[in-house]
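Letter by letter, the chains look like this.
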Amino acid sequence: MVPGIRLVVLGKQGAGKGTQCVRLSHHYVVPHVSTGEMLRGAVKSGSELGAKVKETMESGDLLGDDLIMELVAERLAEPDARARGFILDGCPRTIHQAETLASLLDPGDIDLTVDVEVSTNQVLKRLAARRVCVDCGTNYSVSAPPRMNWTCDICGGEVVQRDDDTEEAIRRRLDLYERQTAPLIDFYDKRRQLSRVNGVGSPEAVFRRIIRAVEDRRRRWGGGHR
Ligand code: AMP
């Protein structure tokens, strides 16, 4: 049996995190916990939470730490995440979120943080071309569209450009990333919980690099926390 994992995946928006997280979740048989997906789901369902976060999300700003960590705490308390772990995508985005995550998991901890590294120029190009299924969140791009007429290959949903993938919002998110999220790389590096992975190449090649980083970590540290 493949052992479970508690993995945080970091990287600029457009670094290919979403694609890698779906693969990792299947490989390790753990839930893919994406704060962005949870929030977009709330907006789509028209819930009270959705109405509260819609405007901030569309502007590309970050939501408050307390709201985010409450959502994450609830999700990580569910039986699947408790039993085998999780792939955490889009969170933490600030040091305060990282500290809250550590205290949520205490006396355990995450096994590893993987930083998927891609240059800003490359990311800007990828984001401008990104398209996403409104129903299941599968990512496509202008150069690799679904097989039929912007209809999702997986679920038949409509494939569109995300509301927050406008150039202005993209620049704001990359700027926020530099200011608020990049320090997390230092945070996890100091805790010896960081592995940097080159995010350039085919999804398969990047996936293999991440698996190798996790296996290296397990060999060195003797199997993680479960
Ligand atoms: P993403 O799909 O991860 O790019 O998230 C889309 C949007 O959701 C972000 O631009 C933020 O407005 C919000 N969001 C998602 N995760 C977080 C987080 N950990 N902290 C604050 N805001 C978040």
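Let me begin by describing the structure that accompanies this report. Not measured: the values here are computed from a predicted model.

The ligand sits among 16 residues. The nearest are Thr35, Arg40, Asp61, Gly90 and Gln97. The separation between an oxygen atom of the ligand and a polar side-chain atom of Arg40 is 3.0 Å. A distance of 2.6 Å separates an oxygen atom of the ligand from a polar atom in the backbone of Asp61. For the ligand, whose free accessible area comes to 470 Å², the fraction covered by protein is 96%. Of the residues forming the shell around the ligand, the biggest block, four residues, is contributed by helix H2 (residues 35-45).

Here helix H1 (residues 17-28) is 12 residues long and its end C-alpha atoms lie 16 Å apart, about the 16 Å a rise of 1.5 Å per residue gives. If you check which residues of H1 are buried, you get Lys17, Gln20, Cys21, Leu24, Ser25 and Tyr28. The buried residues of H1 occupy one face: seen down the axis, they fall within an arc of 135°. On its buried face, H1 is in contact with strand S1 (5-10), strand S2 (32-34), helix H5 (79-84), strand S3 (85-89) and helix H9 (203-221). Val29 sits one or two positions beyond H1 and adopts a positive phi of about 55°.

Our focus in this paragraph is the environment of His96. Position of His96 relative to the elements: it lies in helix H6 (residues 95-105). For His96, a relative accessible area of 39% gives the class partly exposed. Along the sequence, His96 and Arg173 sit 77 residues apart, while their C-alpha atoms lie 18 Å from each other. Leave out the neighbours within four places in its chain, and His96 touches Asp65 and Asp66.

What follows is about the pattern of salt bridges. Pairs may arise between side chains of opposite charge once their charged atoms sit close together. Tallied over the entire structure, the rule returns 15 salt bridges. Between Lys54 and Glu58 there is a salt bridge, with its nearest N and O atoms 3.0 Å apart. With a gap of four residues between them, Lys54 and Glu58 both fall in helix H3 (residues 48-59), about one helical turn apart. Notably, a salt bridge pairs Glu117 with Arg196, separated by 3.6 Å at the nearest N-O pair. On the criterion of sequence distance, the pair formed by Glu117 in strand S4 (residues 112-117) and Arg196 in strand S8 (residues 194-198) is long-range, its members being 79 residues apart. Of the residues examined, Glu117 reaches a relative accessible area of 35% and is grouped as partly exposed. Among the residues examined, Arg196 registers a relative accessible area of 46% and is labelled partly exposed. What you see here is one network of salt bridges that share partners, running through Arg23, Glu204 and Arg208.

Looking now at unusual backbone geometry. Cis peptide bonds are those with omega within 30 degrees of zero, and the linkage from Cys91 to Pro92 qualifies with 0°. Considering the arrangement of structural elements, one finds Pro92 in the loop between S3 and H6. Residue Asp106 is joined to Pro107 through a cis peptide bond whose omega torsion reads 10°. Tracing the backbone through its elements, the reader meets Pro107 in the loop between H6 and S4. A positive phi angle is found at Val29, which is not glycine, with a value near 55°. Along the chain, Val29 falls in the loop between H1 and S2. The class for Val29 is exposed, based on a relative accessible area of 52%. Phi at Asn149 is positive, roughly 45°, even though this residue is not glycine. Checked against the element boundaries, Asn149 lands in the loop between strand S6 (139-141) and strand S7 (159-160).

Time to look at the layout of surface pockets. There is about 1,300 Å³ of room inside the largest pocket. Along its surface, the largest pocket is lined by 47 residues, and Gly18, Thr19, Arg130, Asn139 and Arg162 are the ones closest to its centre. Put simply, the parts of the chain that give the lining of the largest pocket at least two residues each are H1, S2, H2, helix H7 (120-129), S6 and H9. Of the residues that constitute the lining of the largest pocket, the class distribution is 15 nonpolar, 20 polar and 12 charged. In terms of lining, the second largest pocket is formed by 19 residues, of which the most central are Arg40, Lys44, Val134, Arg162 and Asp163. Looking at the lining of the second largest pocket, the elements that each hand over two or more residues are H2, H3 and strand S5 (130-133). Looking at the lining of the second largest pocket element by element, the count peaks at five residues for H2. For the lining of the second largest pocket, the per-class residue count stands at seven nonpolar, three polar and nine charged.

Rules and cut-offs
- Residues numbered from 1 in each chain as written.
- Predicted model: local features only at pLDDT ≥ 70, side-chain atom pairs only at ≥ 80, totals over all residues.
- Heavy atoms only, no water.
- Near = heavy atom within 4 Å.
- Polar contact = N/O pair within 3.5 Å; in protein donor to acceptor, adjacent residues only side chain to side chain.
- Areas by Shrake-Rupley, 256 points an atom, 1.4 Å probe, with all protein chains shown as cover.
- Helix = DSSP H or I, 4+ residues; strand = E, 2+ residues; numbered from the N terminus.
- Expected span 1.5 Å × (residues − 1).
- Buried < 20%, exposed > 50% of the residue type's maximum accessible area, 1.4 Å probe, protein only.
- Arc of directions from axis to C-beta.
- Contact = heavy atoms within 4.5 Å.
- Salt bridge = Lys/Arg side-chain N within 4 Å of Asp/Glu carboxyl O.
- 1 Å grid on protein atoms, 1.4 Å probe; cavity = no way out; pocket = protein on both sides within 12 Å on 5 of 7 lines; lining within 4 Å.
- Points joined across faces, edges and corners; volume = space filled by probe spheres on them.
- Nonpolar A, V, L, I, M, F, W, Y, C, P; charged D, E, K, R; others polar.

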